[in-house]
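# Coordinates in review
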Number of protein chains: 2
Amino acid sequence: MIEYRNVRVALLGAGSVGSQVARLLLEQSDELAGRAGAGLELTGIAVRDLDAERDVDLPRDLFTTDAESLILGADIVVELIGGIEPARSYVLQALGSGADVVTGNKALLASHGPELFAAAEQVGAQVFYEAAVAGAIPIIRPLRESLAGDRIKRIMGIVNGTTNFILDRMDSLGESLEDALAQATALGYAEADPTADIEGYDAAQKATILASLAFHTTVPLMSVHREGITGVTHEQVVAARKAGYVVKLLAICESLVDDDGAPGVSARVHPALVPLGHPLAAVHGAKNAVFVEAEAAGDLMFYGAGAGGVETASAVLGDLVSAARRHVIGGPGLAESNHANLHVLPMGNVVTSYQITLDVADQPGVLATVASLLAQHEVSVETVEQTSGVISSDGGVATATLIIGTHRARESDLAATVAALTNATVVNSVTSVLRVEGA
Amino acid sequence: MIEYRNVRVALLGAGSVGSQVARLLLEQSDELAGRAGAGLELTGIAVRDLDAERDVDLPRDLFTTDAESLILGADIVVELIGGIEPARSYVLQALGSGADVVTGNKALLASHGPELFAAAEQVGAQVFYEAAVAGAIPIIRPLRESLAGDRIKRIMGIVNGTTNFILDRMDSLGESLEDALAQATALGYAEADPTADIEGYDAAQKATILASLAFHTTVPLMSVHREGITGVTHEQVVAARKAGYVVKLLAICESLVDDDGAPGVSARVHPALVPLGHPLAAVHGAKNAVFVEAEAAGDLMFYGAGAGGVETASAVLGDLVSAARRHVIGGPGLAESNHANLHVLPMGNVVTSYQITLDVADQPGVLATVASLLAQHEVSVETVEQTSGVISSDGGVATATLIIGTHRARESDLAATVAALTNATVVNSVTSVLRVEGA
């Protein structure tokens with residue numbers, strides 16, 4: 001067997017993932033060398049504060065605050081700092097020097113992916129990012145390689161563990177959003193400022209990455225339609241279960257046609273009704289899952305831990321072994337693929353079905369009025385359920401609740417319909433509009 | 001962009017998978033070229049009978065009966081004939097000439113894998129086999145690459161669609177094994193001779209492949225403990241559901257310790273009780289799923305279609321694109337990995353828990369006798385359920401049913417326990433012994 005020199009690995013960041021990566025690199029060095037075909041030598045760990053407390057006890061002499069010098073001597077740079085700067089500058093420095101980069105930084109990839117991939121391509125270096133989407137779950141490599149001979153039609157992902165934890169508690173324990181969020185914070189599933197999770201920003205970053213990869217097209221973050229879960233009510237969750245659904249925050253990337261029938265792609269993040277029999281409905285707690293509909297392969301699902309230090313470290317180490325093999329074997333590895341370069345379509349082009357809940361006046365002819373309003377906007381009704389009328393609390397006019405399930409309709413038509421319903425005199429209020437996915 | 005010459009692809013076999021591979025290669029040639037970095041030119045399809053009926057209409061001039069000549073001019077040979085010969089000779093010829101091989105032939109890999117991998121290594125060629133296990137589901141590449149930096153503890157796979165279809169009908173529709181098998185045959189899920197599926201031979205081949213890959217160790221097919229589903233009764237399935245389980249045929253590959261505490265591996269196929277809350281319990285019909293327990297990543301599951309012509313063709317094409325990229329880029333690709341070379345352990349070393357159903361004499365002291373028998377053999381009781389006694393049909397002695405759930409015990413101790421129970425005078429018969437997995 002040919003003996004290779006060690007591959008030098010520089011680690012940037014020693015947070016919950018970084019410290020586990022360092023530990024596993026040190027503890028399993030023989031095994032990893034066997035798999036990579038060369039030793040993986042951890043040359044140092046760049047941190048901001050040498051004296052900060054770490055999750056794991058690591059040799060002091062590995063730490064440095066001088067990231068630039070550490071990067072200079074590395075074959076592979078593992079970036080686990082997170083955020084845009086200084087992560088972006090470090091990654092560009094690493095790629096500029098010809099080093100491969102392994103990163104779990106979804107924010108950086110979602111906002112500066114094309115810049116990083118272009119920098120890598122210039123020098124024949126590689127960016128590996130399995131850890132950036134759905135933590136430990138292998139999804140990047142299956143999309144990039146296993147499905148490289150197939151056409152992906154749609155991806156539906158539960159890619160944010162915090163919101164899935166919250167929605168699952170609202171569903172299974174009947175908790176309010178506030179109580180479930182408080183639990184998520186107490187258990188460490190939610191950050192002190194939970195905005196990025198509950199408003200869907202984190203999921204939107206992942207949607208950008210998945211859509212770009214699946215459709216060989218650069219899908220900018222700003223083109224992703226984003227709604228968080230803060231509008232999801234206890235009542236919606238209860239009504240959903242009664243109707244055979246569970247509410248999930250989904251990142252949906254799909255191929256669509258534009259107004260002229262030309263192919264395009266769309267990415268969106270919003271709460272959706274998922275039928276209880278769908279595999280995504282069985283994803284509980286903080287787990288993640290990515291459901292892929294491919295033309296030839298049919299339906300696939302990838303399930304597992306979407307976060308966690310040691311779990312995500314597994315994905316980083318898998319990438320590290322791949323990158324190290326590349327150093328042993330040579331060859332440029334896998335380039336990013338955006339040859340399809342499809343048109344990225346706005347939310348209005350999306351076609352799906354909807355559940356609309358209306359508070360209406362309980363009088364003859366209301367259903368006819370509502371139905372004709374929907375028909376005028378090309379939205380076709382599949383089911384209608386009307387609850388028995390109730391006298392309003394101030395003793396006024398009797399009202400009733402109408403729950404309308406629609407056939408598949410264009411998002412733009414639906415939006416116009418909802419606007420018209422809101423203005424209709426027989427409609428007191430549009431209580432809830434939820435998209436139904438996976439039916 | 002650099003222009004490469006086309007990569008020449010020879011296809012062996014035009015059955016349900018082969019004909020779909022040919023169709024997709026011809027229909028999606030531009031897309032595949034974009035992803036592979038070079039055109040994929042289908043140079044011919046070797047078949048036994050030029051006039052046989054095909055699932056797909058393909059150009060007549062592609063067909064040949066001269067496989068050897070076709071292989072001679074190929075960069076990549078796709079072997080979808082199945083069985084050992086002539087597939088083995090063709091694959092060895094292809095590797096001998098330096099071509100990469102893409103195969104979905106689990107029988108060949110399970111029985112001659114080491115020979116093929118050695119032949120490939122000699123010339124720096126590669127064997128790709130994503131289609132050999134769990135059809136369209138990406139599992140080979142995630143195990144080989146994504147989890148290359150992790151330690152796999154256990155794999156539990158539903159890797160045979162026919163038996164899952166049968167067991168699912170027995171569970172959900174209350175059908176007998178015979179009726180469910182007849183349905184499977186009528187719907188094309190089962191072969192005319194279903195032995196390979198229902199006796200677990202097919203699943204055992206896949207267990208060999210998964211275990212070898214997961215543990216970097218050659219696990220011979222003959223070391224795989226194998227039990228089929230023909231002994232599974234309607235009564236067992238009903239009792240299982242009542243107790244919160246579903247019966248699944250599982251392929252289980254796990255790391256174990258031998259009698260001296262040294263690390264080893266084990267592979268086995270048998271029906272098992274899976275708790276209803278486990279993700280594998282929700283795998284219905286002919287679907288497949290592979291559940292992976294890794295040290296760092298935690299629990300992962302890969303779910304999808306385990307068979308089908310076009311579905312499996314997706315896996316073949318993914319491998320084809322990978323192989324073609326290798327031709328464009330150069331480099332030896334990924335070698336097989338058996339550096340761990342662990343001891344392959346017999347079934348007696350397996351540790352799991354059990355559900356034992358006994359038909360016993362309904363008289364005082366029986367439970368004490370049974371319990372002490374178990375204790376003598378180091379099998380510890382977790383739960384006992386006794387049904388009310390019944391008078392036997394010939395008006396003889398009253399009998400009762402005892403259902404014993406055990407704590408985790410060694411398979412060899414369990415076997416000795418069952419032998420002792422069978423011989424005990426108070427035990428009329430051991431009605432059922434099932435392993436409990438995933439609890």
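Residues numbered from 1 in each chain as written. Chains lettered and ligands numbered in written order. Predicted model: local features only at pLDDT ≥ 70, side-chain atom pairs only at ≥ 80, totals over all residues. Heavy atoms only, no water.

### Observations regarding the sheet that holds strand β3 (residues 63–64) of chain B
Residues and elements named next belong to chain B. Spatial strand order, β3-β2-β1-β4-β5-β6: 6 strands in an open sheet with parallel pairing. Two strands in the sheet have a free side with no partner beyond their single neighbour: β3 and β6 (127–128). As paired strands, strand β5 (residues 100–103) and β6 are joined by 2 bridges and run parallel to one another. Bridging across to β6, V101 finds its partner in V127. Packed on one face of the sheet, helix α1 (residues 16–27) meets β1 (7–12) and β2 (40–46) and runs near 150° to β2. (Pairing = 2+ DSSP bridges. Helix = DSSP H or I, 4+ residues; strand = E, 2+ residues; numbered from the N terminus. Contact = heavy atoms within 4.5 Å. Axes fitted to C-alpha atoms, helices over the stretch in contact; angles between N-to-C directions.)

### Details of the relation of the copies chain A and chain B
Of the two same-sequence chains, chain A is brought onto chain B (RMSD 0.1 Å, axial shift 0.0 Å) by a rotation of 180°. Seen this way, the second copy is the image of the first under a two-fold rotation axis. Taking the C-alpha atom as reference, chain A places F302 of chain A closest to the rotation axis, 2.5 Å from it. (Least-squares fit on C-alpha atoms with pLDDT ≥ 70 in both.)

### A closer look at a nonpolar patch on the surface
Where nonpolar side chains cluster on the molecular surface, the patch consists of L367, V381 and V384 of chain A and spans about 210 Å² of accessible area. Of note, V384 of chain A is situated in strand β15 (residues 381–386). (Patch = residues over 30% accessible without salt bridge, like charges linked within 9 Å, V, L, I, M, F, W, Y side chains within 5 Å. Areas by Shrake-Rupley, 256 points an atom, 1.4 Å probe, with all protein chains shown as cover. Salt bridge = Lys/Arg side-chain N within 4 Å of Asp/Glu carboxyl O.)

### Notes on the packing of aromatic side chains
Residues and elements named next belong to chain B. This model, assessed by the stated rule, comprises 5 aromatic pairs over all chains. For the pair F117 and Y129, a centre-to-centre distance of 5.8 Å together with 50° between the ring planes defines the contact as tilted. Here Y129 lies in the loop between β6 and α6 (140–146) and F117 lies in helix α5 (residues 106–123), a separation of 12 residues in the sequence. Between F165 and Y189 the ring centres are 4.6 Å apart and the planes differ by 45°, which places this aromatic pair in the tilted class. Of this pair, F165 sits in helix α7 (residues 161–172) while Y189 is found in the loop between α8 (177–186) and α9 (195–198), placing the two residues 24 residues apart along the sequence. In this structure, R226 is placed above the aromatic ring of Y201, and the distance from its NZ or CZ to the ring centre is 3.9 Å. (Phe/Tyr/Trp six-rings, centres within 6.5 Å; stacked < 30°, edge-to-face > 60°. Lys NZ or Arg CZ within 6 Å of the ring centre and 35° of its normal.)

### Side note on helix α7 (residues 161–172) of chain A
Think of an α-helix as 3.6 residues a turn; residues three or four steps apart then line up on the same face. All names here are of chain A. The terminal C-alpha atoms of α7, which comprises 12 residues, lie 16 Å apart, in line with the 16 Å expected from a rise of 1.5 Å per residue. For α7, the tally of buried residues reaches 11 of 12 residues, placing the bulk of the element in the interior. Contact partners of the buried residues in α7: β7 (152–158), α8 (177–186), α9 (195–198), α11 (234–242), β9 (245–257) and β11 (287–294). A side-chain oxygen of the first residue of α7 lies 3.3 Å from the backbone nitrogen of T162; this N-cap is N160. Where α7 ends, the next residue or the one after it, G174, has phi of about 70°, a positive value. (Expected span 1.5 Å × (residues − 1). Buried < 20%, exposed > 50% of the residue type's maximum accessible area, 1.4 Å probe, protein only. Polar contact = N/O pair within 3.5 Å; in protein donor to acceptor, adjacent residues only side chain to side chain.)

### Comments concerning the packing of α7 of chain A against α8 of chain A
Residues and elements named next belong to chain A. Closest axis-to-axis distance for the α7/α8 pair is 9 Å, and the angle between their directions is 130°. On the basis of their axis angle, the class for α7 and α8 is oblique. For the element pair α7 and α8, the recorded crossing hand is right-handed. The segment α7 lies against α8, with F165, I166, R169 and M170 engaging L177, A180, L181, Q183 and A184. A per-class count over the contact of α7 with α8 returns 7 nonpolar, 1 polar and 1 charged. (Parallel < 35°, antiparallel > 145°, perpendicular 65-115°, else oblique. Left-handed = near helix turned anticlockwise from the far one by under 90°. Nonpolar A, V, L, I, M, F, W, Y, C, P; charged D, E, K, R; others polar.)

### What to know about the pairing of β5 of chain B
Residues and elements named next belong to chain B. Of the two faces of β5, the one carrying D100 and V102 and the one carrying V101 and T103 are both buried. Here strand β4 (residues 76–79) runs beside β5; their pairing, made up of 4 bridges, is parallel. Pairing of V77 across the sheet is with V101, part of β5. Handedness of the β-α-β unit built from β4, helix α4 (residues 87–96) and β5 comes out right-handed. Regarding topology, α5 serves as the crossover connection from β5 to the parallel β6, and that connection is right-handed. (Right-handed = clockwise from strand over helix to strand, strands pointing away.)

### Focus: the side chain of E437 of chain A
Residues and elements named next belong to chain A. Within the secondary structure layout, E437 lies in the segment after β19 (427–436). A polar atom in the side chain of E437 sits 3.2 Å from the side chain of T352. Apart from residues lying up to four places away in sequence, E437 is in contact with M156, L250, I252, R268, H270, A272, L273, V274, P275 and T352.

### A closer look at the domain arrangement of chain A
Residue and element names in this part refer to chain A. Split by domain assignment, chain A resolves into domain 1 (7–135 + 310–329), domain 2 (140–306) and domain 3 (350–436). Averaged C-alpha coordinates put domain 2 and domain 3 at centres separated by 26 Å. Contact residues are listed per partner, giving 16 residues for domain 2 and 11 residues for domain 3. Here domain 2 is connected to domain 3 by 2 salt bridges. Here R410 and D259 are joined by a salt bridge, their closest N and O atoms 3.2 Å apart. For the side of domain 2 that touches domain 3, the secondary structure elements donating two or more residues are α11, β9 and β10 (263–275). With 6 residues, the single largest contributor to the side of domain 2 that touches domain 3 is β10. (Domains from an automatic or database assignment.)

### Focus on the interface of chain A and chain B
In this complex, chain A contributes 47 residues to the contact, which on the side of chain B involves 47 residues. Each partner contributes to the roughly 4,000 Å² buried at the junction of chain A and chain B, and carbon and sulfur atoms together form 55% of this total. Interface area lost by chain A to chain B is led by R35, S146 and Y303 of chain A, which between them contribute 15%. Where chain A touches chain B, the interface holds 4 salt bridges. For E31 of chain B, the salt bridge goes to R151 of chain A, with nearest N and O atoms at 2.6 Å. Counting every contact that joins chain A to chain B gives 18 residue pairs in polar contact (both at pLDDT 80 or more). (Buried area = accessible area lost by both parts, 1.4 Å probe.)

### So, the confidence of the model for chain A
Of all residues in chain A, 94% attain a pLDDT of 70 or more, and the chain-wide mean is 90. Across chain A, strand β4 (residues 76–79) of chain A holds the top mean pLDDT of 98, while strand β16 (residues 390–391) of chain A sits lowest at 62. (pLDDT = per-residue confidence, 0-100.)

### Overview of the pattern of salt bridges
Enumeration over the complete set of coordinates arrives at 47 salt bridges over all chains. Residue R151 of chain A pairs with E295 of chain A through a salt bridge whose shortest N-O separation is 3.2 Å. Separated by 144 residues along the polypeptide, R151 of chain A in the loop between α6 (140–146) and β7 and E295 of chain A in the loop between β11 and β12 (298–305) bring together distant segments of the chain. The class for R151 of chain A is partly exposed, based on a relative accessible area of 27%. Judged by relative accessible area, which is 44%, E295 of chain A ranks as partly exposed. Of the charged contacts in the structure, one is a salt bridge between R435 of chain B and E227 of chain B, with a shortest N-O distance of 2.9 Å. Of this pair, R435 of chain B sits in strand β19 (residues 427–436) while E227 of chain B sits in the loop between β8 (225–226) and α11 (234–242), placing them 208 residues apart in sequence. Judged by relative accessible area, R435 of chain B falls into the buried class, the value being 9%. Through salt bridges with shared partners, one network takes in E130, R141, E145 and D319 of chain A together with E130, R141, E145 and D319 of chain B.

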